[in-house]
Amino acid sequence: MKGLKKMKIKTKIWGLFLACILLSSVISIVTVVYSNQKSNLKHIGEMTTQTLHAIDSNLELMIDHVNQDTYAVFWSKMFQDTLEEVSKGNLTVKTRTELQDCLTNIMLAGDYISSIVFYDNIGNSFMCNREEVVLKKEIAVEDAYWYEKAIKKDGDWIFETDGGGIVSYKSKNRNILSMIRVIKKKTDYSKLGILMVNIDEKTIREIFDSVGGNLNSNFYVLMNDTLIFGPEEKENYDVSKNIIGSLKENETKIVRNGKNPMVYKKITSMIDGWTIAIETPLSSFSRSISYSDTIIVLLVNIGMLILCWLFISRTVSRPIQKMEEQMMYSKAIPENMEVDEECEDEITNLKRTYNNLLNSIRELLERTKEEEKIIRKNELDLILEQINPHFLYNTLDVISGLTLIGDQDKSFQMTQALGRFYRNSLNRGSQMIPVREELDIVKSYMTIINIRYENEISIRYQVDEKLMDTLMLKLILQPLVENAVHHGLRQKEGKGELQITMRMVDNRMMEVSIKDNGVGISEEKVRLILEGEYKNSKSGFGIYSVKQRVELFYGVEDAVSISSQPGRGTEVSVRFPYKEEYYNVNG
């Protein structure tokens, strides 16, 4: 950071433009790469969608073949007559043979059928199989969990895995897709039995491989979110099911888990209740990314950098260098720079601004000198007011009188109060004192006043304890209290009351108020006091002096406000910024 501050503007501009060109180049490269990735994702989405729809079409075609083959057989007169005899209990060798032949004809219609099972209405089951498919005859068809669903489908197919646990391979660990439907009588559409057509898992895998085998993909067939068929390694689905479950329809998602990111997509099948999903390595869709556009942008940026640098060097760097030389070798406040009035560029405007700044500095210096004179004069006036010989002589006379009459206690109190009053008012060199010391000045002053005037004035303090050690400008309260005593309370009959309040306002301003029940001030006189017209008058000096000192010291306006009702009293409020500075009582 220090090195950067010591750099010349010329070097900074060069570095800035270099950084801008590099940033522009990086953004260009990122944009091209992002665009290619977005294009690739779209391409991947189209490829996976085509693959999934092709698989869906093949699966639907296979099921349609099964549907046609079974309809052709089961609606034949021979089969209907045979089933009717069976339903009457006439299960002879002939009817059994005829029924078995019908099942065999269906199975031979397509090599994708591994076995067929038929359940009649009286509890008999008939099976024809191509491979070692085992039927659990101990399970009655009415007890199968899918039975009621098949009845409700009323002749439409339902799909189950392994016949809902009724069929399985004897020695091979692979799934069977079971298509189950009710067989009806042709004449009155009454139920003749339940047909189960079992399709080997390898048939479905052959469909997967024939369509998407070149992508090294895993395919998943789900029915109502339950997996029917998936990869041979069953644990793959345990890893992927959450991802597949979170996919939206036709959404393409790339999951970067490990070194080989995977692409996921799913569609809703044309087969009722089915969903087909694909899981493919991203590397299977690798496409070359061309960076020619990025290289062109980079070269153009470098060319623009050189041209801009030459232009800035002539129009910015050299004029700034001349300004720098004039400023660096000037002592005190330099002379104003020469300005070409016909020129309106930024450098010329900078020179004009610089000249205006110099003029403002000169004016500010003059104003500061005047303000310092005013502050010093006000402080001197305050000090002279505090050491007012009339106040001192009168106080000493009272002390002398008290001593002569033997009132040692009051004489001691008044002497102590007079000492504290002048010590706190005059001896501390700092302009800022703690709130508690400012209050001590007032308390010492009021002790003297009440002894002199026989406790004619009562005073109450309402001060936030959190403010007691906060620093404030010295001698704000006492002049206002003195003004209230001599020009408000002593002009009225009866007891006088004073209330001093100090509080926080909006967590950033401190408000000091002195309220009396004196004779009050007219609105016209309030206006004149705040405008300084009474500053040479004894009744207005204290208030206006405090106003000037607070506004100059804290840099605020309208620091003092006066609220008064003739005959009822006056409240003088002073607001100034609260500074979080505290007096160290130990130091």
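Residues numbered from 1 in each chain as written. Predicted model: local features only at pLDDT ≥ 70, side-chain atom pairs only at ≥ 80, totals over all residues. Heavy atoms only, no water.

A.B. asks: Help me understand helix α3 (residues 77-87), please; the structure alone is not making it clear to me.
C.D. replies: Since there are 3.6 residues in each turn of an α-helix, residues three or four apart along the chain are aligned in direction. Those residues of α3 that sit buried are Phe79, Gln80, Thr82, Leu83 and Val86. Taken end-on, α3 shows its buried residues confined to a sector of 165 degrees, consistent with a single buried face. Glycine 89 lies just past α3 and shows a positive phi near 95 degrees. (Buried < 20%, exposed > 50% of the residue type's maximum accessible area, 1.4 Å probe, protein only. Helix = DSSP H or I, 4+ residues; strand = E, 2+ residues; numbered from the N terminus. Arc of directions from axis to C-beta.)

A.B. asks: Even after reading the chapter, I still don't get the packing of aromatic side chains, so can you show me in this structure?
C.D. replies: Aromatic ring pairs are reported here in terms of the distance separating the ring centres and the angle at which the planes meet. On inspection of all chains with the given rule, the structure shows four aromatic pairs. Summarising the aromatic geometry, the rings of phenylalanine 159 and tryptophan 274 are spaced 5.0 Å apart at their centres and angled 65 degrees between planes, so their arrangement reads as edge-to-face. With phenylalanine 159 in strand β4 (residues 158-161) and tryptophan 274 in strand β12 (residues 274-281), this residue pair connects regions lying 115 residues apart in the sequence. Look at tryptophan 274 and you get buried, because its relative accessible area is 1%. A ring pair is formed by phenylalanine 553 and tyrosine 554, whose centres lie 5.1 Å apart and whose planes are at 80 degrees; its orientation type is edge-to-face. Residue classification places phenylalanine 553 among the partly exposed positions, given a relative accessible area of 27%. We classify tyrosine 554 as buried; its relative accessible area is 10%. (Phe/Tyr/Trp six-rings, centres within 6.5 Å; stacked < 30°, edge-to-face > 60°.)

A.B. asks: Can you help me understand the sheet that holds strand β7 (residues 191-200) in this one?
C.D. replies: Sheet architecture is open: five strands sit in the order β2-β1-β7-β6-β4, paired in antiparallel fashion. The sheet is open, and its two edges are formed by β2 (125-129) and β4, each paired on a single side. In this sheet, neighbouring strand axes are inclined to one another by 20 degrees on average, regardless of whether the strands run parallel or antiparallel. In this structure, strand β1 (residues 113-120) lies alongside β7, joined through seven bridges in antiparallel fashion. When the bridges of β7 are listed, tyrosine 119 appears paired with isoleucine 194. Of the strands in this sheet, β1, β6 (176-184) and β7 are in contact with α3, which crosses β6 at around 80 degrees. Sheet strands in contact with helix α4 (residues 93-108) are β1, β2 and β7, and its direction is about 40 degrees off that of β2. (Pairing = 2+ DSSP bridges. Axes fitted to C-alpha atoms, helices over the stretch in contact; angles between N-to-C directions. Contact = heavy atoms within 4.5 Å.)

A.B. asks: Where do I start with the pattern of salt bridges in this structure?
C.D. replies: When the charged atoms of two side chains lie near each other, side chains of opposite charge can form a pair. In this structure the tally under the stated criterion is eight salt bridges. The closest approach of N and O atoms between glutamate 511 and arginine 503, which form a salt bridge, is 2.9 Å. Using a relative accessible area of 12% as the deciding quantity, one classes glutamate 511 as buried. Between lysine 547 and glutamate 551 there is a salt bridge, with its nearest N and O atoms 3.1 Å apart. Taken together, the residues span about one helical turn, with lysine 547 and glutamate 551 both in helix α16 (residues 538-554) at a distance of four residues. With respect to burial, lysine 547 and glutamate 551 carry one shared label: buried. Linked through salt bridges whose partners overlap, the residues forming this network are Arg503, Glu511 and Arg575. (Salt bridge = Lys/Arg side-chain N within 4 Å of Asp/Glu carboxyl O.)

A.B. asks: What is the right way to look at the sheet that holds strand β19 (residues 569-577) in this model?
C.D. replies: In a beta sheet, neighbouring strands are held together by backbone hydrogen bonds and run either parallel or antiparallel to one another. Strand order in the open sheet formed by five strands is β14-β16-β17-β19-β18, and the pairing between neighbours is mixed. Each end of this open sheet is capped by a strand with a single partner; those strands are β14 (457-463) and β18 (560-565). Ignoring strand direction, the axes of neighbouring strands in this sheet form an average angle of 10 degrees. Taken together, the eight bridges between strand β16 (residues 496-505) and strand β17 (residues 509-516) define a ladder with antiparallel strand orientation. Bridge assignment links glutamine 499 to a residue of β17, and that residue is lysine 515. Of the strands in this sheet, β14 and β16 are in contact with helix α13 (residues 435-452), which crosses β14 at around 170 degrees. Set on the sheet, helix α14 (residues 477-489) makes contact with β14, β16, β17 and β19; between it and β16 the angle comes to about 150 degrees.

A.B. asks: Explain a nonpolar patch on the surface here, please?
C.D. replies: A contiguous nonpolar patch, built from Ile295, Leu299, Ile302, Ile306 and Leu310 and spanning about 480 Å² of accessible area, is present on the exposed surface. Residue placement: isoleucine 302 occurs in helix α9 (residues 292-328). (Patch = residues over 30% accessible without salt bridge, like charges linked within 9 Å, V, L, I, M, F, W, Y side chains within 5 Å. Areas by Shrake-Rupley, 256 points an atom, 1.4 Å probe, with all protein chains shown as cover.)

A.B. asks: Whenever I open this one, the environment of tyrosine 453 confuses me. Can you help?
C.D. replies: Mapped onto the elements of the fold, tyrosine 453 is located in the loop between α13 and β14. Remark: the alpha-carbon pair of tyrosine 453 and arginine 490, spanning 37 residues in sequence, is separated by 9.5 Å. Ignoring any residue separated from it by four or fewer positions in sequence, one finds tyrosine 453 in contact with His486 and Arg490.

A.B. asks: Explanation requested: α13 in the structure shown.
C.D. replies: Its 18 residues give α13 an end-to-end C-alpha distance of 26 Å, which sits within 8% of 26 Å, the value for a rise of 1.5 Å per residue. Glutamate 454 occupies a position one or two residues after α13 and carries a positive phi of about 55 degrees. (Expected span 1.5 Å × (residues − 1).)

A.B. asks: Just to check I follow, could you spell out the nonpolar core for this structure?
C.D. replies: Proteins that are soluble and globular tend to have nonpolar side chains buried together. In this structure, Ile476, Val481, Leu498, Met502, Ile514, Val550 and Phe576 are the most contacted members of the largest nonpolar core, which totals 55 residues. No other element matches α13, which puts nine residues into this core. Leaving out residues up to four positions away in the same chain, valine 481 has contacts with Val442, Tyr445, Met446, Leu498, Ile500 and Ile514. Among the nonpolar cores identified, the runner-up in size contains 43 residues, and Ile63, Leu103, Cys128 and Ile204 belong to it. (Core = buried A, V, L, I, M, F, W, Y, C linked by side-chain atoms within 4.5 Å.)

A.B. asks: Quick question: what am I supposed to make of the pairing of strand β9 (residues 226-229) here?
C.D. replies: On a regular strand, each side chain points to the face opposite its neighbour's, so the side chains alternate between the two faces of the sheet. Relative to β9, strand β8 (residues 218-223) runs antiparallel, the two sharing three bridges. What sits directly across from leucine 222, in β9, is leucine 227. The turn linking β8 back onto β9 is made up of two residues, and asparagine 224 within it adopts a positive phi angle of 55 degrees.

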